[in-house]
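# Observations on the three-dimensional arrangement
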Amino acid sequence: MELCSITGLKGKITVPGDKSISHRCVMFGSIAEGTTEVHHFLTGADCLATIRCFRALGIDIEENGSSVTIHGKGLRGLTAPSGMLDVGNSGTTTRLLSGILAGQPFESRLSGDNSLNSRPMKRIIDPLTQMGAKISSIRGNGCAPLLIAPGELHGIHYESPVASAQVKSCILLAGLYADGETSVTEPSLSRNHTELMLKEFGADIRSTYALDSTKATASVRPGSQLCGQKITVPGDISSAAYFIAAGLMVPDSEILIQNVGINPTRAGILRVCEDMGGDITLLNERIEGGEKIADILVRTSRLHGTTIEGGIIPTLIDEIPVIAVMAAAAEGTTIIKDAAELKVKETDRIETVTDNLKSMGCDAVPTEDGMIINGGKPLKGATIHSLLDHRIAMAFSIAALVAEGNTKILDSKCVDVSYPTFYDTFEELL
């Protein structure tokens, strides 16, 4: 994909359904009793991997564009797969599905592509093993492929060293099959879609927050029957983030992004944009299915640097690549820290982001847990190495819109993982 600078992005757009919620609709619908109807489902490669895995586990799933119908068989209704479960590039599929499979009476194996099979899975292997699960890394390196054999699960209280929705969700889902209450305490609250949606499905789940710290605990009790639901998935704020950035950075722009999920555990980017001087207005705020939703109006703004750290990091971890691009265009210095989790995404996003920013003429310095970006210098067109990371490709597509000359995004097709129509959406704003 080759892009150049533009002005005047204007119009109304919608973005695809939330990736995290779309995954969970399929998973929870599969282990619920009855039918779950999902609308505005994200048909990206990662969510399709989740559908593929649950079909292999005996679940009948119908697809009709962005509408998906899951014919659930209850908590004990999954059947043994005939071969390896292919999770593709999806860490969410791998980690959450492992929690469900840990409670099944059959053996299963999960594997993905080379990138997925290099991502750390010890963070779920350890707590699941503490619960009595029989889960192991087939190659002995703490990564997928994973082997999960039948085990007797018991409830635990797990103190997670990282604030990770995938780790928390994996443990809570295994807790549905345990012999007592299962709790997960995090150093700060990660995205809480699992807690909100499981409650809608009928699970006995609750969340508490320590008044004297940032710690958060989620607990689930086994025994509740999950019931099929009708769900409309809100627009993914991680996908909206690219057009929020474009609206703020590209001269003479005004963009309305409709029906976006603004769950507080996901909406850190809105706070950061405001801290950087961004002109952002939330319209038509409402709650649907337990999730906060709004239309987001964005106008061209003069941005300035800021410091991003601490408890806000889990609420915007996937948006850091595009935040870094905004920082490059902003006046002054932006410091991002407490974000070492970036190293274990589809790429080492600390290295990938700073390398590509440098190639565009930005003063960007990687650190052990983030980066320092000295913005304000004009960006220059360059060849961007996405390394097949969808969020890198999309973030630097936005950088290209304000860079001098042409920018070439290598392997831009990788956006299909989360936003197959990403480049088409631009056409609606020109």
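Notes on the structure in this doc start here. (Residues numbered from 1 in each chain as written. Predicted model: local features only at pLDDT ≥ 70, side-chain atom pairs only at ≥ 80, totals over all residues. Heavy atoms only, no water.)

Turning next to the overall build of the protein. Broken down by element type, the protein carries twelve helices and 23 strands. The globule rule puts the C-alpha radius of gyration for 430 residues at 22 Å, and the 21 Å found for the protein is close to it. Each principal axis of the C-alpha distribution contributes one length, and for the protein these read about 60 × 45 × 40 Å. Of all 430 residues assigned to the protein, the portion counted as buried reaches 58%. Accessible surface for the protein amounts to roughly 15600 Å². Of this, 49% is attributable to carbon and sulfur atoms. (Helix = DSSP H or I, 4+ residues; strand = E, 2+ residues; numbered from the N terminus. Rg over C-alpha atoms; globule rule 2.2 N^0.38 Å. Buried < 20%, exposed > 50% of the residue type's maximum accessible area, 1.4 Å probe, protein only. Areas by Shrake-Rupley, 256 points an atom, 1.4 Å probe, with all protein chains shown as cover.)

What follows deals with the state of the cysteines. Following the criterion strictly, the structure yields zero disulfides and no others. The thiol of Cys25 is unpaired, and the distance to the nearest cysteine sulfur, on Cys47, comes to 9.1 Å. For Cys25, a relative accessible area of 0% puts it in the buried group. Of all cysteine sulfurs, the one in Cys273 lies closest to Cys362, which takes part in no disulfide; the gap is 17 Å. (Disulfide = S-S within 2.5 Å.)

Take helix H1 (residues 19-30) next. Helix length check: H1, at twelve residues, gives a terminal C-alpha distance of 17 Å against a target of 16 Å (1.5 Å per residue), a fit within 8%. Across the twelve residues of H1, twelve count as buried, placing the element largely inside the fold. Within H1, burial applies to Lys19, Ser20, Ile21, Ser22, His23, Arg24, Cys25, Val26, Met27, Phe28, Gly29 and Ser30. Of the residues that open H1, the one with a side-chain oxygen 2.9 Å from the backbone nitrogen of Ser20 is Asp18. (Expected span 1.5 Å × (residues − 1). Polar contact = N/O pair within 3.5 Å; in protein donor to acceptor, adjacent residues only side chain to side chain.)

It is worth spelling out the packing of helix H7 (residues 237-249) against helix H8 (residues 268-275) at this point. Where H7 meets H8, the axes come as close as 10 Å, and the angle between the chain directions of the two elements is 15 degrees. In terms of their interaxial angle, H7 and H8 are classed as roughly parallel. As H7 packs across H8, the resulting crossing turns out to be right-handed. Contact residues: H7 offers Ile237, Ala241, Ile244 and Leu248, while H8 offers Ile269, Leu270 and Cys273. Split by residue class, the contact of H7 with H8 holds seven nonpolar, no polar and no charged. (Axes fitted to C-alpha atoms, helices over the stretch in contact; angles between N-to-C directions. Parallel < 35°, antiparallel > 145°, perpendicular 65-115°, else oblique. Left-handed = near helix turned anticlockwise from the far one by under 90°. Contact = heavy atoms within 4.5 Å. Nonpolar A, V, L, I, M, F, W, Y, C, P; charged D, E, K, R; others polar.)

On to the pairing of strand E9 (residues 146-149), then. Pairing geometry for strand E7 (residues 108-112) and E9, over three bridges, is antiparallel. Among the inter-strand pairings, Ser108 is bridged to a residue of E9, identified as Ile148. Here four bridges tie strand E8 (residues 134-137) to E9, and the two strands are oriented antiparallel to one another. Bridge pairing in E9 links Ser137 to Leu146. (Pairing = 2+ DSSP bridges.)

Two elements in contact, helix H4 (residues 122-130) and helix H5 (residues 165-175), have axes whose closest approach is 10 Å; the angle formed by their N-to-C orientations is 30 degrees. With respect to H5, the element H4 is oriented roughly parallel. Every pair of crossing elements has a handedness; the one defined by H4 and H5 is right-handed. Listed contacts from H5 to Arg123, Ile124, Pro127 and Leu128 of H4 are Val167, Cys170, Ile171 and Ala174. Among the residues making up the contact of H4 with H5, the classes are represented as seven nonpolar, no polar and one charged.

What follows deals with the sheet that holds strand E10 (residues 157-159). On the basis of which strands lie adjacent, the open sheet formed by four strands has the order E10-E11-E13-E12 and mixed pairing. Whereas interior strands pair on both sides, the edge strands pair on one side only; in this sheet they are E10 and strand E12 (204-209). Taken pair by pair, the neighbouring strands of this sheet meet at an average axis angle of 15 degrees, ignoring direction. Strand direction decides the pairing type here: E12 and strand E13 (residues 216-221), joined by six bridges, are antiparallel. Bridging across to E13, Tyr209 finds its partner in Ala216. The sheet contacts of H5 involve E10, strand E11 (182-186), E12 and E13, and relative to E11 the element is tilted by about 170 degrees.

Structurally, the position occupied by Asp275 is in helix H8. Along the sequence, Asp275 and Leu176 sit 99 residues apart, while their C-alpha atoms lie 40 Å from each other. Setting aside residues no more than four positions away along its own chain, Asp275 makes contact with His304 and Thr306.

This brings us to the nonpolar core. Counting 76 residues, the largest nonpolar core has Phe243, Ile244, Phe396, Ile398 and Phe422 as the members making the most contacts within it. Per-element accounting of this core gives the leading share, ten residues, to H7. By size, the runner-up hydrophobic cluster in this structure holds 64 residues, among which are Cys53, Ile148, Ile156 and Ile205. (Core = buried A, V, L, I, M, F, W, Y, C linked by side-chain atoms within 4.5 Å.)

Geometric descriptors of this kind do not, in isolation, establish any biological role.
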